[in-house]
Every structure is written in structure tokens, then in C-alpha cells.
There are 2 protein chains.
Amino acid sequence: DFEVVCKGLYRALCIREKYMEKSVQRFPRTPSQYLLQGCPCPLSGVEEHSRLVWSWQAACASWYSPFGPVFTPPVKDGQDPFTTEDLEEDLGYHIQMKDGVVYIYSDKAAADRNEPKDLPYPSLEHFIDDMNFLLALIAQGPVKTYTHRRLKFLLSKFQVHEMLNEMEEMKELKNNPHRDFYNCRKVDTHIHAAACMNQKHLLRFIKKSYRVDADRVVYDAKGKQLTLKQLFQQLGLHPYDLTVDSLDVHAGRQTFQRFDKFNAKYNPVGASELRDLYLKTENAINGEYFATIIKEVGSDLEDAKYQHTEPRLSIYGCSAEEWSKLASWFNKHRVYSPNMKWMIQIPRIYDVFRSKNFLPHFGKMLENIFVPVFEATVNPQAHKELSVFLHHITGFDSVDDESKHSGHMFSTKSPKPEQWTCEKNPSYTYYVYYMYANILVLNNLRRQRGMNTFLFRPHCGEAGAVTHLLAAFMTADNISHGLNLKKSPVLQYLYFLAQIPIAMSPLSNNSLFLEYAKNPLPEFHQKGLMVSLSTDDPMQFHYTKEPLMEEYAIAAQVFKLSTCDMCEIARNSVLQCGLSHEEKAMFLGENYQAEGPQGNDIRKTNVAQIRMAYRYETWCYELNLIAEAGGCSSPPDPLDESPASSFTTVPRTGLL
Amino acid sequence: DFEVVCKGLYRALCIREKYMEKSVQRFPRTPSQYLLQGCPCPLSGVEEHSRLVWSWQAACASWYSPFGPVFTPPVKDGQDPFTTEDLEEDLGYHIQMKDGVVYIYSDKAAADRNEPKDLPYPSLEHFIDDMNFLLALIAQGPVKTYTHRRLKFLLSKFQVHEMLNEMEEMKELKNNPHRDFYNCRKVDTHIHAAACMNQKHLLRFIKKSYRVDADRVVYDAKGKQLTLKQLFQQLGLHPYDLTVDSLDVHAGRQTFQRFDKFNAKYNPVGASELRDLYLKTENAINGEYFATIIKEVGSDLEDAKYQHTEPRLSIYGCSAEEWSKLASWFNKHRVYSPNMKWMIQIPRIYDVFRSKNFLPHFGKMLENIFVPVFEATVNPQAHKELSVFLHHITGFDSVDDESKHSGHMFSTKSPKPEQWTCEKNPSYTYYVYYMYANILVLNNLRRQRGMNTFLFRPHCGEAGAVTHLLAAFMTADNISHGLNLKKSPVLQYLYFLAQIPIAMSPLSNNSLFLEYAKNPLPEFHQKGLMVSLSTDDPMQFHYTKEPLMEEYAIAAQVFKLSTCDMCEIARNSVLQCGLSHEEKAMFLGENYQAEGPQGNDIRKTNVAQIRMAYRYETWCYELNLIAEAGGCSSPPDPLDESPASSFTTVPRTGLL
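Reading guide: rules and limits
- Residues numbered from 1 in each chain as written.
- Chains lettered and ligands numbered in written order.
- Predicted model: local features only at pLDDT ≥ 70, side-chain atom pairs only at ≥ 80, totals over all residues.
- Heavy atoms only, no water.
- Salt bridge = Lys/Arg side-chain N within 4 Å of Asp/Glu carboxyl O.
- Buried < 20%, exposed > 50% of the residue type's maximum accessible area, 1.4 Å probe, protein only.
- Helix = DSSP H or I, 4+ residues; strand = E, 2+ residues; numbered from the N terminus.
- Least-squares fit on C-alpha atoms with pLDDT ≥ 70 in both.
- Contact = heavy atoms within 4.5 Å.
- Pairing = 2+ DSSP bridges.
- Axes fitted to C-alpha atoms, helices over the stretch in contact; angles between N-to-C directions.
- Buried area = accessible area lost by both parts, 1.4 Å probe.
- Polar contact = N/O pair within 3.5 Å; in protein donor to acceptor, adjacent residues only side chain to side chain.
- Nonpolar A, V, L, I, M, F, W, Y, C, P; charged D, E, K, R; others polar.
- Right-handed = clockwise from strand over helix to strand, strands pointing away.

Draft legend 1. Expanded view of the pattern of salt bridges. Residue and element names in this part refer to chain B. Applying the stated criterion across every chain, the model contains 56 salt bridges over all chains. The shortest N-O distance in the salt bridge between Arg258 and Asp260 comes to 2.9 Å. You can call Arg258 partly exposed: its relative accessible area is 35%. Here Asp397 ties to Arg312 by a salt bridge, and the two come within 2.9 Å at their closest N and O atoms. Here Asp397 is found in strand β8 (residues 393-399), whereas its partner Arg312 is found in strand β6 (residues 307-314), with 85 residues between them in sequence. Accessibility expressed as a relative area gives 0% for Asp397, which makes it buried.

In C-alpha cells:
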């Protein structure tokens, strides 16, 4: 039983490693080494050779190797973040979507001959095979028992560690000069641009705009130009009287389990006109207000210095012009802050567009989302604004209410995107697969060109089926939410083994899906899953001027986190995010790519080395169990050569 | 049974009314009216006449009558808060403590003749009688059953009210122009001056002081003068390296159930030298740093505009000079902010002083605490600084770890304070009685002179026996904590009936005595007890720059408070606090003294009238039950003439 279970988990890790490597995303070095030491397992569609090569690459080069993702380096002093001077030349490639995936051809003729360029392309059959293997794995009784027990053990082990070493950890932190929780870097790893200000900030901004701009034409009501004053008159409002209550953009008790009501809250005073005017990039003033608010948020972050944020902007895939419009907004208003890294979120609302006949089929939506990015990648000169914008983009998110069930089961028999013409929404997995597939091709192309690549970081496991978490295990560099890992011990254990970062937002969950005290964050953290804290929507959920600090403070208070816990979570957030190698090295220490205590610079992170050693030993121990039983050769004892052992001078749990 | 129960509760309310009236503290008008309508009950030591007079006074004049407490009016523009120009003249009275209570004589001869001035003096016998009555009452089975059921009913009734009227309340608030939770006034009703800054603020201040003052002599180590640089050298520290971790003034998991450890946390870096230098009023620099930090906190509050705070400064009663030194510190450094009202806290640590032989008996401690205040009241010209200081003082607090059991039972046989020479600490009730007794005489004297009076606002019910809450019921205008009301339904119901304000600090409790999620605040609030939110010790418990907002935000999130709830709690905090009549009228509306919806100005408070009407009707209903059964005449139906009825146009619970 034990051996069969471990073989299954072993193969699951191999699968993730493969999908991450292929798509230029991250897989940690340590499990790669263990996998390499185990027997090569018969992976679907993977040859023995490449299995070894990947692991070797991973082992040598670690997360941020030439083989891993490429992040745009930080803007240097004096350099213009919007410069179009050093844009790459046109490759002249031909781009064409086939079965929902973009293919690259050297020219139109090659496309006609069906001879795509030599780039990795996804294989749907292999994906379905691997997915079916994992689906079977997470349902297997013995695997569930084993992983449940390991997780329980991990939890108790951490608690023992804490009881024995808490004071020692604290001592390390006390002796660490000049660094504490307040001045260690933290990244808000999950936040939507349209709600990145708090309600009070938005209210103040609206009032200010009225004082300055009352007579400016700001709105186009079906051809009728309205000034700000006229717009408010039409709404029967005067901004002076507005309050956060009448603004009504804060989630309350009414929104619990009601994602629909939550979405409606994005309309200030319930008026979509105000959402259009203040929180959109396309409107009569070209999204000027929205840009200004975001820049104010950015400037507050720069003042606070140690906080960064990764706001999401939407691309809907409803029209092919969205990208150029968004890029134009970004460039025109120079929406840049060194403390912000941008992401693109794709709402899963094909069904809405289809029912209004905006789209003929799902393939068109994918085309609208991805083809412009490919075009700008192939010929940056012809898409200057978009190319600059893409430089500042670090990843893609997939968003919407996960609790809505699609009723569709993804398989090889599923209609191809071009054939998906019905009004029904495809399943979460279908969406995720096609996003992953295109990002895979895109990343390989961009890496070839020396351009920055993108991480896939979907919302996942906030609600709905656990299969979402399975799909993300195969395709996503990291995820947001992950609450439903509670429901599947197998996936939870796999997320632990692969150290998949999870941006958790307990205050958001508290308003929408799960009461604060029941949030699994402290449990996940104790077990050793790689969690970070994020705000999701400060406008909707937070009260204070510093939403991320509010998020940390409440977690610290309610979950009784220690300083070491908080600093570890902050460190996780930096590792998880899309900040460049240079910035991460500055914030976490030069050696941050190394796993385990070696990679921790306490002077930067304020995380105790005892904690890091505990985490690394514990992780290696679990990986070793799998590799030993799952492989057939006998791997070396990880503790023998573990860098952690240099720190074992302090009392330990003795459970190893 | 029911009648006996109600008679008991009726008498309990009469007792509180008497003690509040006598000591120039507050008792609300509505229960007074109900008591008046009921039969006069045979109160120990209270004549029929005075019973009626008090009620009449209360009925006509309400809380802030010429008969109620006197608050110092706010400092006018251009006026110096430290002016000694209009100090009252010397009355030439003779002051003498007898049996632990200060008596006032026209002169020394009158004292010898034992002919005190005609002022109300406390009667120990009556107090013990009343206390024994209440002790019996809270232990009676039927009373417990009745009050438990009423409280349960109140809770369910509120929940029904909420379900039916929540949206209506919200509608009222949305239609209320220009006022929301952010710009309605809130008072931090319980905070210690020595921990009123947050940890980060203190750290920054220490670093700044070193940059500016390194070579200044700031410390006297047993005669050896040390500069700031030398002091830090001696401690083996450099301020540049200091962090909030090494500062170590934040409560953590180690402090839970450990009040002793909590107290030790007041020492930055564990060094009492730094506490002396930065957090004390008496030291080699005359408390300059402490005054500066406090003024910085005050200035932040003024910037935030809508937040006020009531910091406590300590008088220990160990020497008679404490008052003049503290007053001198206050005047010298001009420690004034319009957003701060000052209170004096008396730690209950006679046993510590006695064991070190600093005091011969408990009476001396009382003398040190009260006689200087009486002297300054009788002859302000001779105690100018203290008189000015007392103008800014609004009340007394009694503080210490309540979970320490004294083993003493207060009775008529207890030793008088002058005879209390043993090293054992007197009981909580003993302390509280003698503080109350002296405040009673003091307040009456000060009211006669047109001076401001003091409220007694002890820490009570944070831990320890429920008898603490009983003693406060008799003596205190309002209390801090009140957690243990959970343990006595009778007292909880009486606190509800008498609407005794309770300053609750769930974040403090979470670190010391009770996990956040188990805090009774939401339950008390729902039942209709008058609760406010306070921080207790921002230095120890809070993370953000705005501790009071953090307190509200966490309560709102974890307890799922609505905006109306939060604004009601904020309004309670203003009613509870020691702000002047003028300020309260400005912050809550001119009519704030009226009880029920009449007294609410939604434009100022942002509390829905539906909520106020619900509260008032519910309160009247419960009072009526008691008055009907407890008295013998039949009082009019409160709902007939209730001002609330003008608001009954909205859906109601139908439970009345």
C-alpha cells in the first residue's frame, strides 16, 4: 500500500515539474533532486532523457535560472519606465490560433503547410491523461489516508517545534539588528486594481474631483456629453453629502455567500455610471480618474517603503482592441510605481458575452486575449504601447465566482474552443487549460526573444469543486485563496511537497465564503504550506489606511501569529510575487534562490534560521519518504548533506 | 416568585441610583422615572423624601444636570489651558482623614470638636448593608433564572430586530448626508498613558532622541550622571540596531494568563532604565521624553480629528509629593491636547509598598492619594499647578491584576484603613469603597465650589471574582472590561437596566485573558448593554498607526458588526467619557442628554433612529416589568408615551 501511494505522489510531482518547466514557470530544486534520485517513472509523453534534463536544470539552476521565468528588471534611476527606444525588431512570424492555442509560423506559407516553428506546444491528450491520473489519485482511499496522516503529523510536529523553539526563534530575531516586521518587505500578492484603494480613499477622491472638475465633461451618456455636475445631478446626488455608507462599496453581512451581491458592490452608490467614471480605464476621460487613484495608492506605498502590491487589470476577451486600449491608458497616464507589479486578470464570463452575441465561440475569446500579446511579442515596433505595457506585466490571473458549477466535464471529447458555440460556460479546468496552453507557447517565444515571461496565477479553491485545485496543480505557478485544500488531503499534501505559493485573503473570505476564525491559513502555515497574506479588495473589505497591515494585524491577533510567523509569511509573499530577481535579491538577500536556511538572510527577512532549518528538514523528510518508496534506487539521507544541519546546535523537536 | 425577584431588582436599582446621586455621578433618567412610579422601597439609610427628590432631580435634569457631574468646559480659542489666573480663593477649611475618609471642617477647632462641614459623607454601615443585600440577590436561584431568561430573550429579540430592520437601518444611514463611521466621533475610553503610543512609535522616538540628544545627561544611576550615549553603552545596545523585536514591549503568546509577564513588558529591551527614561514622569530629565511622546500621540489625534482618548496617569499613594510632582510635569511640559482627557489611575499595590515599609498602613496610602487633592480644592492658590492639573482630570481609575485573590472579605468588622497595617493587600471591594468614599466627599466639595468633579471608572471584571462587578455597580459611574458579567446573569441584567457604560478592549483580552472569538462584546452589545471599544495599551497590543481604528476594524470584521453597530458603539464611547457637556453636544447633538431616539442626532452620530427606538423600547419594556411587579402602583405603559413610538412606522419585531 505504502509503496503504491508513494509511487502515485511521486508521479504527481513529476507531472507538476514537467508542466512548470515546459511553461517557463517555477518548480523548486529540492523536490527535483529527490525525483531525480528516485526511479524515472513512466510519464505520459515525457521521455526519459528530458525528465533527467529538467531535473538537472532545476538542480543546477534553481528557481530563477535561465530556464525559469524571466522578470523585467527594475527601472533604473533616470530611466523612463515607458521608453520605447529599446524595443525589439520585428521577427515577421505568422501567428494563428488552432484549436484554441496560438501557433507560431515563420510565415503565412508555413502556416498553410502546418509547419509551426520549433517551440514547445501543449498536448491536450497528455494533459487529459495526466489529469485523469491525478483525478484517480486524489480519490484513492490509501492515498487519502496516507496524506491525511502525514498532514496531521506535520501539524503536530510544528506545534512541538514551536513549544520547544519559540523562545529561541524570538531570541534570534531580537539579536537581529535593525530589522523587524515593520521594515521587512511584504507584497500584497492578490489585489484587484479596481478595488485597490480603500472606501474612504475613493470617497475622498470623488469629493476632490468634484471640487476641481465640476464643469468638466466627464461622461458620455449615449452621445449626450455630461459634466461632472450634470452627472451627479442626474443621479440625484451631491458629492458633499456622500459618505462611505451611501457610497456602499463595502462588503457586509449581506454579501456572505453572495458573490453576485459582492460584484454589484463595485458600483459606487449603486450607480454603474460612477464605476465607469472612477474605476474604469475606458470612458470619456480615458480612465484618467482611475489612473490617478491608482497612482495615489502607489505613492502611499512608496512612502511606506516596505510594502508592494500586485494589482490585476482586466482583459475580458470580448474584443481584439482591449489590449491596445488598456496599454494606451497605461502609457498615457504613466501608471507606474516601483512598488507595483501588474497582472492581467481574465474573468471567466464567456457565457455572458455569448448570450449577448458578442462572441461567436469560445475560441474567439481566447484569440482576443492572446493573439494581440503574441503580435506585440513578434513585432514590438508595431505595438509599441502594448510592448511597454507587457514589460510591466508579470502574470495572468483567472477570476470569477468558483461556486458556480458549469456542468461540463473536460475530456478529450470536449468540443474544441472554436466549436464551443453554446451559451454554457466552459468548466474551470477548460478555461485554465487553454490559458495555460497559450501562456506556455507565449513564454517560450518571449524567453527566446529575451523578453519577460508570465506566471499563471489563477484564483483557485476559493469555492467550488476541488478539481480546480487539481487543474492549478498542473498549470499554475501559484494560486490565490486555496481554501478548498481543506477538503482534499491529497492535494493539500501535494501543494506542500511542491511548495506551491498560496496568496490567502482571510478578510475577503470572511465577507464572502468562510468565517475568519475558521480560515485554514494558520493550519496551512503550521503544516508548512507556502502561504502569503493578501487583501483581495481593500475597497470592499478593509477599514484602515493600510489594508495590507490591517490584514497582517488581524491575522496576528486572531491566529496568534508570532513575529517569526509573520516575517515568514512576508518572505513567502516576496518569493511568490512577480518582483524581479534584482529586487528579490535586495529584499531577501543575494542567496534567496537557495532553498532552506542557506537561502535566508535573516538581516533582510527577520525569519529565524531555526525556523528555516525546521521547515527545510521537515520538507526533505517528507520528500525522502516519497522518493524512497516511490523510486527504486535508494537516495542518500537528505539530513546527511542537508545545509540545515549546520543549524542544529539549538534544541530540536527530536521527531526527525 | 416573579414579584420577589422584581422587588429585588427594583431595590438594586434604587441602591445604585442612591450611590450615584450622592457621589455626583450619573444615573439615567428613564429608570429613575420607573423607580419613582413604583412603590418607594425600604432602602437602608435612605429616607422616603430623599428617594423622591433624587428621582425628581434625575427626571427633570437628566444626566448632565446641575446635580450631576461637572466637567471642565473645553479650552476656548486663544485661552491658555494652563492659566492660573482664575483660580478660586482659599476657603481656609481644615482637612482631616478619619477612618480612611477625608472630612472637611471649617477650621482646626471644628475638627477637634468633630463637627465636619455639612457635606454628604459616606456611611460604611449602609454600604455593607446594601452590599450584603446585593450579594444575596445575585446568588438567589429565582433571580438568576429570571435574569438569565430575560437576557436570553433580549439577545433573540435583537437578532429578530436585526433580521427585520437591518436594511432599513442601513437605508437611514445611507440617506444621512456627510456622516459616516469615519467622521463620527469616537473616544478611546480606556488607555494607559505609559502605553498610549504604539511600539513602532516608541522605537522611532528612541532612535530620534539618540540622534539629537546622544551627549545629553539624561539618567542618574545612583548619583552617577549618564548621557544617553553612556546609558545605551551601559546596556550594551546601539539604538540604530534596535527593532520592535528587541524592544520587546509587545504582548505575545507568552503573556496569556500571565499578568506579571505583561507588566514586565513595559520595560523596553527588558531594561527598567529605559522605562524610567522614556515612559515616566519623574527622572533626570523631568519626564520630558514621556511628555513629548504623549504630545505626539495627541497631535496625531488632532490631525485625525474624530478620535479622542482618555489616558490614565498613575498616582501610587506611596508619598504625599506624587501629586505635586505629576502636576508639575504636566504644567512644565504643557501636556495638553484638545483630543485628550486625563484620568488618574491608582494601582492596587499597597502590599508592595507595605512590604518595603514605605507605608505604615493602608490609611496612609489613602491620605497620600486624596488629601493633596482636597487641599488643592480648598486652597487652589497655594497649589496652583495641581489645581490646573485637576481641571484637566475627569476621573479616577483603580487598576491591577484582578485575578490575584486577596483572601479578605469586606465587612463592618474589617479593620479601618488606619488599622490595616498587615502586609496583605485589602480586597478589591475594600479598595473600591474607600476610593468611592473619598471621591464622594471630594465631588460634593468641588461641586459646591463650582469646580469640575470626577467620575470613578475602575478596571472591573477583567478577571477575578464577580463581587468586583457588584462593588462597581454600587460605586462606579462606569467600568473598564466587564468580561466577568458573563458569569453573573443578575449583574449583567442590572448593568443593562442601569445602562452602566463598559469600556471593552477585546484585543487586550485576547493577549491576556480571553481569546478574541470568545469575547462577550458582541453578545453584550446585542443584548443592549452600553459597551464602547477601547485599546487599553496600544504599545502592547496593536500593530497599526491608528490603534483605535484597528480595534474597531477587527471587531467589525470578526464580530461582523454593521455600520450602525459601530456607530452606536462610537456614540456610547462619547457618552461614557469625560468630555465636557459642550463637546458632547457638539459631537452628538444638542439634545444628547435625552434618552432614547430623541437624544440621537443622526446627522452627528450616524446611528439609525430605528436602532435607537428599538433600544429604548426594549429598555423601557424591561424596566416596566420590574417597576410593575417590584412597585405597588401601576405605572403607565411606557410605550404609550414613549418618544420611540413616533418611529414605529418601520417594520418591527412584533415581539413587544
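Don't stop here, the text continues.
Draft legend 2. Inspection of the relation of the copies chain B and chain A at higher detail. It takes a turn of 180 degrees to lay chain B on chain A, together with a shift of 0.0 Å along the axis; the resulting RMSD is 0.0 Å. Such a combination of rotation and displacement between the chain copies is what one expects of a two-fold axis. Ranked by how close their C-alpha atoms come to the rotation axis, the residues of chain B are headed by B:Ile554, at 3.1 Å. Looking at the interface residues of chain B, 100% of them are also at the interface in chain A, so both copies use one shared face.

Draft legend 3. Examining the sheet that holds strand β9 (residues 455-456) of chain A more closely. All names here are of chain A. Spatially, five strands are ordered β3-β6-β7-β8-β9 in an open sheet, and the strand pairing comes out parallel. Looking along the sheet, the strands with just one partner apiece sit at the ends: β3 (186-192) and β9. Note that strand β7 (residues 342-347) and strand β8 (residues 393-399) share six bridges and pair parallel. Looking at β8, one finds that Ile346 is bridged to Ser398. Sitting on the sheet, helix α23 (residues 547-558) touches β3 and β6 (307-314), and the angle it makes with β3 is about 110 degrees.

Draft legend 4. Layout of the interface of chain B and chain A. In this assembly, 49 residues from chain B lie in contact with 49 residues from chain A. The junction of chain B with chain A conceals about 4,200 Å² of combined surface from both sides, 52% of it contributed by carbon and sulfur atoms. The interface formed by chain B and chain A contains 32 residue pairs in polar contact (both at pLDDT 80 or more). For the side of chain B that touches chain A, the secondary-structure elements that each account for two or more residues are α6 (141-174), α7 (199-213), α9 (244-247), α20 (506-512), α23 (547-559) and α24 (563-576) of chain B. Considering each element in turn, the side of chain B that touches chain A owes the most residues, seven residues, to α23(B). Looking at the side of chain B that touches chain A, its residues break down into 19 nonpolar, 13 polar and 17 charged.

Draft legend 5. Here's a closer look at unusual backbone geometry. Even without being glycine, A:Lys560 reaches a positive phi, approximately 55 degrees. Position of A:Lys560 relative to the elements: it lies in the loop between α23 and α24 (563-576). Backbone geometry places B:Arg334, a non-glycine residue, at a positive phi of 50 degrees. As for its position among the elements, B:Arg334 is in the loop between α13 (322-332) and β7 (342-347). Judged by relative accessible area, which is 42%, B:Arg334 ranks as partly exposed.

Draft legend 6. Seen up close, the pairing of strand β5 (residues 224-227) of chain B. Note that strand β4 (residues 217-221) of chain B and β5(B) share four bridges and pair antiparallel. Paired with B:Val217 across the two strands is B:Thr227, which belongs to β5(B).

Draft legend 7. Main features of α13(B). Restricting attention to buried positions, one finds in α13(B) the residues B:Glu322, B:Trp323, B:Leu326, B:Ala327, B:Trp329, B:Phe330 and B:Asn331. On its buried side, α13(B) packs onto α12 (288-304), β6, β7, α15 (362-378), α16 (384-392) and β8 of chain B.

Draft legend 8. How the structure looks around the pairing of β6(A). All names here are of chain A. Buried residues dominate β6, accounting for seven of its eight residues. In this structure, β3 lies alongside β6, joined through five bridges in parallel fashion. Across the sheet, the residue bridging to His192 is Arg312, located in β6. Bridge count between β6 and β7: three bridges; the pairing is parallel. Residue pairing across strands places Arg312 opposite Met343, the latter belonging to β7. Note that the unit made of β6, helix α13 (residues 322-332) and β7 has a crossover that is right-handed.

Draft legend 9. Quick peek at the sheet that holds strand β11 (residues 479-481) of chain B. Residue and element names in this part refer to chain B. Taking strand neighbours across the sheet as the criterion, the four strands line up as β10-β11-β12-β13 in an open arrangement whose pairing is parallel. Each edge of the open sheet carries a strand with a single partner, namely β10 (459-460) and β13 (531-533). The pairing of strand β12 (residues 502-504) with β13 spans three bridges and is parallel. By the bridge assignment, Ala503 is partnered in β13 with Ser532.

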